[in-house]
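This is what each chain is made of:
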Amino acid sequence: MAKLVVVESPAKARTISRFLGDGYAVEASFGHVRDLPGGAKEIPARFKKKEWARFGVNVDADFEPIWVIPAGSRKHIQILKKALAGADELLLATDEDREGESISWHVMEILKPKVPVRRIAFHEITKTAIQEALENPRDIDLNLVQAQESRRILDRLFGYELSPLLWRKVASGLSAGRVQSPAVRLCVMRERERMAFRAAGYWDAEAEFTKDSRSFTARLSRIDGTKVATGKDFDPDTGALKKRSKALWLKEEGAKSLVAGLDAQPFAVTSLEEKPVKRRPAPPFMTSSLQQEANRKLGMSARNTMRVAQRLYEGVNGLDGLITYHRTDSTTLSKKALGEAERTIRKLYGEDYTDGWRFYATKAKNAQEAHEAIRPTNVARTPDSLAGRLKSEELRVYELIWKRMIASQMTDARLLRTTVELTAKESGGEEREAVFTATGQSIDFPGFLRAYVEGSDDPDAKMADREVILPSLAIDESLRPDSLEACGHETSPPARYTEASLVKKLEAEGIGRPSTYASILETIQARGYITKRGNALVPTPVAFCVTILMEDHFAEFVDIGFTARLEQILDDISNGERDSRDFLNAFYFGDDTSPGLRSRIHDEADSIEYPALNIGQDPKTGHAVVVKVGRFGAYLQMGGNGSGSEGQDADDRVTAPLPEDTALADFSLENALELLELSKRGPESLGTDPATGLDVFVLSGRFGPYVQLGETPEDRNAEKPRRASVPKGQSPDEVLLADALHWLSLPRMLGTHPESGEEVIAATGRFGPYLRCAKETRSLTADDDVYTIELERALAILAQPKLRRGQRAAKALRELGKAPGTETDIRILDGRYGPYITDGEVNASLPKSASVEEYTLDEAVAHLRENGKAPKSRRKKSAAKSKSKAKRKTKAKAKSKTKAKRKTKAKRKADD
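A. Summary view of the confidence of the model for the protein. Per-residue confidence for the protein gives a mean pLDDT of 87; residues scoring 70 or more make up 91%. Per-residue pLDDT stays below 50 along residues 643-648; that stretch engages in 11 contacts with residues further than four places along the chain or on separate chains. Confidence drops under a pLDDT of 50 for residues 873-879, and excluding neighbours within four residues, the segment shows four contacts in the predicted structure.

B. Representation of empty space enclosed by the protein in the model. Evaluated as defined, the whole model comprises one cavity of 30 Å³ or more. The space that makes up the largest cavity amounts to roughly 30 Å³. Taken together, Phe19, Leu20, Lys127, Ile130, Gln131 and Leu134 make up the lining of the largest cavity. Among the elements that make up the lining of the largest cavity, the one with the highest residue count is helix α4 (residues 127-135) (four residues). Here the lining of the largest cavity is built from residues that sort into four nonpolar, one polar and one charged.

C. Inspection of the pattern of salt bridges at higher detail. What the rule picks out here adds up to 51 salt bridges. In this structure, the salt-bridge partner of Glu89 is Lys3, at a minimum N-O distance of 3.4 Å. Taken together, the residues span a long stretch of sequence, with Glu89 in strand β5 (residues 87-92) and Lys3 in strand β1 (residues 2-7) at a distance of 86 residues. The exposure class of Glu89 is buried, given its relative accessible area of 18%. Residues participating in the shared-partner salt-bridge network are Glu124, Lys336, Glu340, Glu372 and Arg375.

D. Structural context of the side chain of Arg381. With respect to the element layout, Arg381 can be found in the loop between α10 (335-348) and α11 (392-408). Excluding anything up to four places from it in sequence, Arg381 contacts Leu319, Asp320, Gly321, Leu322, Leu386, Tyr398 and Trp402.

E. Broad picture of unusual backbone geometry. Here the amide bond leading from Leu746 into Pro747 is cis, since omega sits at -5°, within 30 degrees of zero. Along the chain, Pro747 turns up in the loop between α19 (737-744) and β25 (748-752). Phi is positive for Ala264, which is not a glycine, with a value near 70°. Secondary-structure assignment places Ala264 in the loop between α7 (252-262) and β10 (267-279). The exposure class assigned to Ala264 is exposed, which follows from its relative accessible area of 54%. Of note, Asp476 is a non-glycine position whose phi angle comes to about 75°, a positive value.

F. Just the sheet that holds strand β23 (residues 704-709), in detail. Spatial ordering of the open sheet is given by β21-β22-β23-β24, a layout of four strands whose pairing is antiparallel. Each having just a single partner strand, β21 (684-688) and β24 (723-725) make up the two edges of the open sheet. Taken over all neighbouring pairs, the strand axes of this sheet differ in orientation by 30° on average, direction set aside. Where β23 lies against β24, three bridges are found, and the strand directions are antiparallel. Its bridge partner lying in β24, Tyr706 is registered against Ser725. Docked against the sheet, helix α18 (residues 669-681) engages β21, β22 (695-701) and β23, running at close to 130° with respect to β22. Along the sheet, α19 makes contact with β21, β22, β23 and β24, crossing β23 at roughly 85°.

G. Seen up close, the sheet that holds strand β19 (residues 633-638). With respect to topology, four strands assemble into an open sheet ordered β17-β18-β19-β20, the strand pairing being antiparallel. Of all strands in the sheet, those bounded by a partner on one side alone are β17 (613-617) and β20 (654-657). Adjacent strand axes in the sheet meet at a mean angle of 25°, parallel and antiparallel pairs treated alike. By the bridge criterion, six bridges tie strand β18 (residues 624-630) to β19 in an arrangement that is antiparallel. Pairing of Lys628 across the sheet is with Tyr635, part of β19. This element, helix α14 (residues 541-553), spans β17, β18 and β19 of the sheet and lies at about 100° to β18.

H. Fine view of the packing of aromatic side chains. The tally for this structure, following the rule as stated, stands at 18 aromatic pairs. A ring pair is formed by Phe63 and Tyr588, whose centres lie 6.2 Å apart and whose planes are at 90°; its orientation type is edge-to-face. Residue Phe63 is located in the loop between β3 (57-58) and β4 (64-65), and its partner Tyr588 is located in helix α16 (residues 580-589); the two are separated by 525 residues in the primary sequence. You'll find Phe63 and Tyr588 in the same group, each marked buried. Between Tyr353 and Phe445, the aromatic rings sit 4.8 Å apart at their centres with planes inclined by 35°, giving tilted as the arrangement.

I. Molecular detail of the nonpolar core. Ranked by size, the top nonpolar core spans 103 residues in total, and within it Leu162 and Leu636 carry the most contacts. If you tally residues by element for this core, the top one is helix α5 (residues 142-169), at nine residues. Aside from chain neighbours lying at most four places away, what touches Leu162 is Ala176, Met550, Phe554, Phe557, Leu597 and Ile601.

J. Fine view of the packing of α10 against α11. At a closest axis distance of 9 Å, the pairing of α10 and α11 adopts a crossing angle of 90°. Between α10 and α11, the crossing angle belongs to the class labelled roughly perpendicular. Across the interface between the two elements, Ala337, Ala341, Thr344, Ile345 and Leu348 of α10 pack against Trp402, Met405 and Ile406 of α11. Considered class by class, the residues forming the contact of α10 with α11 number seven nonpolar, one polar and no charged.

K. Structural context of the pairing of strand β2 (residues 24-28). As defined by bridge partners, β1 adjoins β2 across five bridges and the pair is classed as parallel. Its bridge partner lying in β2, Val7 is registered against Ala28.

L. Region of the structure containing the packing of helix α9 (residues 302-314) against helix α13 (residues 517-526). Where α9 contacts α13, the two axes come as close as 8 Å, and the packing angle between them is 140°. In this view, α9 runs oblique relative to α13, as classed from their interaxial angle. The chirality of how α9 crosses α13 is left-handed. Together, Ala302, Arg303 and Met306 of α9 and Ala518, Ser519, Leu521 and Glu522 of α13 make up the contact between the two elements. Class assignment of the residues belonging to the contact of α9 with α13 gives a composition of four nonpolar, one polar and two charged.

M. Helix α17 (residues 597-604), seen in detail. Along α17, the positions that sit buried rather than exposed are Leu597, Arg600 and Ile601. Summarising the axial view, the buried residues of α17 lie within an arc of 95°, below the 170-degree limit, and thus occupy one face. Seen from the buried face of α17, the exposed residues on the opposite side, beyond 90 degrees, are His602 and Asp603.

Rules behind the numbers
- Note that residues are indexed from 1 along each chain, following the sequence as it is written.
- Only residues with pLDDT of at least 70 are given local features in this predicted model, and only at 80 or more are side-chain atom pairs given and counted; all residues enter the totals for whole chains, interfaces and linings.
- Only hydrogens and water are set aside when side-chain values are computed; all heavy atoms of the structure are taken into account.
- The quantity called pLDDT is the predictor's confidence in a given residue, expressed from 0 to 100.
- In what follows, a contact means two residues having at least one pair of non-hydrogen atoms within 4.5 Å.
- Whether a set of points on the 1 Å grid over the protein atoms alone is a cavity depends on a 1.4 Å probe fitting there but being unable to get out, while an open set qualifies as a pocket with protein on both sides within 12 Å along at least five of seven lines; lining residues are those with an atom within 4 Å of a point.
- Grid points are joined across faces, edges and corners, and a volume is the space filled by probe spheres set on the points.
- Every helix listed is a DSSP run of H or I at least four residues long, and every strand listed is a run of E at least two residues long, numbered separately from the N terminus.
- Each residue is assigned to one class: nonpolar for Ala, Val, Leu, Ile, Met, Phe, Trp, Tyr, Cys and Pro, charged for Asp, Glu, Lys and Arg, and polar for all the others, Gly among them.
- By salt bridge we mean one thing: a side-chain nitrogen of Lys or Arg within 4 Å of a carboxyl oxygen of Asp or Glu.
- The buried label applies to any residue whose accessible area, calculated with a 1.4 Å probe on protein chains only, is under 20% of its type's maximum; exposed applies above 50%, and partly exposed to all values in between.
- Pairing between strands is defined by DSSP: at least two bridges between them are needed.
- Only C-alpha atoms enter the line fits that serve as axes; for helices the fit covers just the stretch in contact. Angles between N-to-C directions range over 0 to 180 degrees.
- In this analysis, rings of Phe, Tyr and Trp, with Trp reduced to its six-membered ring, are considered paired at centre separations within 6.5 Å, and the interplanar angle assigns stacked below 30 degrees, edge-to-face beyond 60, and tilted for intermediate values.
- In this text, buried Ala, Val, Leu, Ile, Met, Phe, Trp, Tyr and Cys residues form a nonpolar core when linked through side-chain atoms within 4.5 Å.
- Should an angle fall under 35 degrees it is called roughly parallel, over 145 degrees roughly antiparallel, and 65 to 115 degrees roughly perpendicular, with every other angle called oblique.
- Should the near helix be turned anticlockwise from the far one by less than a right angle, the crossing is termed left-handed; should it be turned clockwise, right-handed.
- When we speak of the arc, we mean the arc of directions from the helix axis to the C-beta atoms.

In structure tokens form, the structure reads like this:
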């Protein structure tokens, strides 16, 4: 007999098995083993006719949930049951948070064990932590289970009641979510700020000085004692100076006049201030700060960060768990970790870099997840020591966690900030007195900066850690500038959220919990509410229309404070301070203070109109121009019913598709009127193509304005005419026939492939210019011109391995030359897992002992011959998989036929 230990994942099971040895069997539940029904097929037959069955929750009987075992979990349950049959004790070792507690409870409910059941939990997967957990078992915390189940039921009711309404009033396939909808609204609110923003131009001056061979820059700060206006002095909604600002708004003429008056004038040092400053290190990571910093410094999404952290937590490549549990809102460190950090700092940096343990207060209102910060399980295990055993992204995340934790226990950084004012008097004219300010910073003692510098979303904050050393100066010292010039500036709109800054905002507002941030970000992008432009999160027209509908009819459900209060209530349930069923009843059916979700939706549904975003009025007609969402995406409408203007009928209505990649804050009324005018005019010929005799038209579609050769056939099945997009930034009204014919010259046939005999085509598509040969495609590089590229160059690009979308091409580190006796180029490239050698067909990692700069062509050729492998082909693997699947199906079909024949024979025999 053995003790059965159940964990969530097979990776975690493998790591734990190494520590437990004989007497224990470790199996994985593979995540959640039960859930609410995912669709009508999963609803048990006895409930199907019930009105509430679609929710999977009996709202009429104390919100009793229907728990079903998903098809994918059934085989895992059988394995667990079989393992339990030979066990004398069941140990539930899932993660110590609400979700982990819920998984353990569901496993117990399904298995119905007749042996003793104990719950064990640990924050790190190490031998010591597991041994301590075994020595201190506990019972399942039913309060945590109730909080998790309440959250699941709450989200199901919210989504299943509101989502169908969005399908009817906005577009099919949309979803509403208790946390998702407020997150989308935050992005929409930021975009509205950008739409309302009015840029302001302002001027100042900049002087360059040199002293003791050291140059420094000073900027104009005051004129005759009055502060010169900077960007912070302007109202973003009006572009004018803020009402209470007493700053001087310097215009171009005034700035240039001042510079001319100061030319050749001496500057005197009139103020010199040196101020010692201390900087404290940031606390160790919790979930939100890890996601933010990984996004800023490593460019990783929240989802990918958590995926990598999960691997580090469970253990990889034969290593035990490398970090503590990564879903936490605590910044606390254990005494064991504090002691290890202190010893490591002394060893690596010296005695001066530690002066005792540092403790950090958790800012979260109720830190209810794992009650320790994210840290290395063994602080002495440095990133360098793991360099050969972890994948690139694993090592980078581990290094981030290790450095942050070490830095959090190091001494303050001591800086010396210097501010110098230099004053000059304008010659002739007004004789104004101008004060220029220069600031410098030197690091007196680096402290924690030796190990780690925290990232920031604010560009100005990123400069705070840079050393800027000013030369030695004295009061009344006279200097003449090397250069002096007037500088023009323009205020910038509020920055869009990035994944990092949105997580920070969600955390600050109390929306969501550590385990939900990644899924929130993934969902709002997958549902088409948010698109990414670089790192920026840009709300789509769909996001605007859904937010308008929610604000107009269900304002409390997207109110930031309301959402945060729901999170607090769930925390109260997890602490046993609130009854979950009373809460769900009040939320869904209402109470004395407010109506519930059900009555709100049923009362409002019929009166809700299709939401529209008004972006302005046509100055000629006075008709409102609005953005709506229809079956085929977002579109513009002016006039007609529902446009927002009175006295109009459907005959006045003009519509035009809104280009899919439109960011509404960057889309002006003038842009909209241009597209509507183009749509109103209909196909307008630019002239005739001399080669075909067909007319060339400028039209507008889902992906923006485009040119077309010939008319669109009425028969949808007929061959479509040749089309080409109008380049971004070019007005359709400015398109000439020559431009259109140039764009329509694509696709170009470059020639035939010497091996396959297939045509090689150069074309442009939704994701830019590309090459096509049979089923093979490759994107062109920025250095290649789709209109001029030759066959030889195209063949070289087609010979390169295909990259996944968003994957960068491997950077060439060194060209070694051609292999002896061949025309094959041998190169060293920078790959995802480090430098590697390639001849275009075969790759091999560069030996760890080798130097990129010193590696020779002969060594590379020999290394490729002995160790080279062809890159894996996804297509071949997929084809093989499909072939295997088809083979299995054929086999199963044959087996089924044989079985049927046997039954028929048996029946006949019985009849005889």
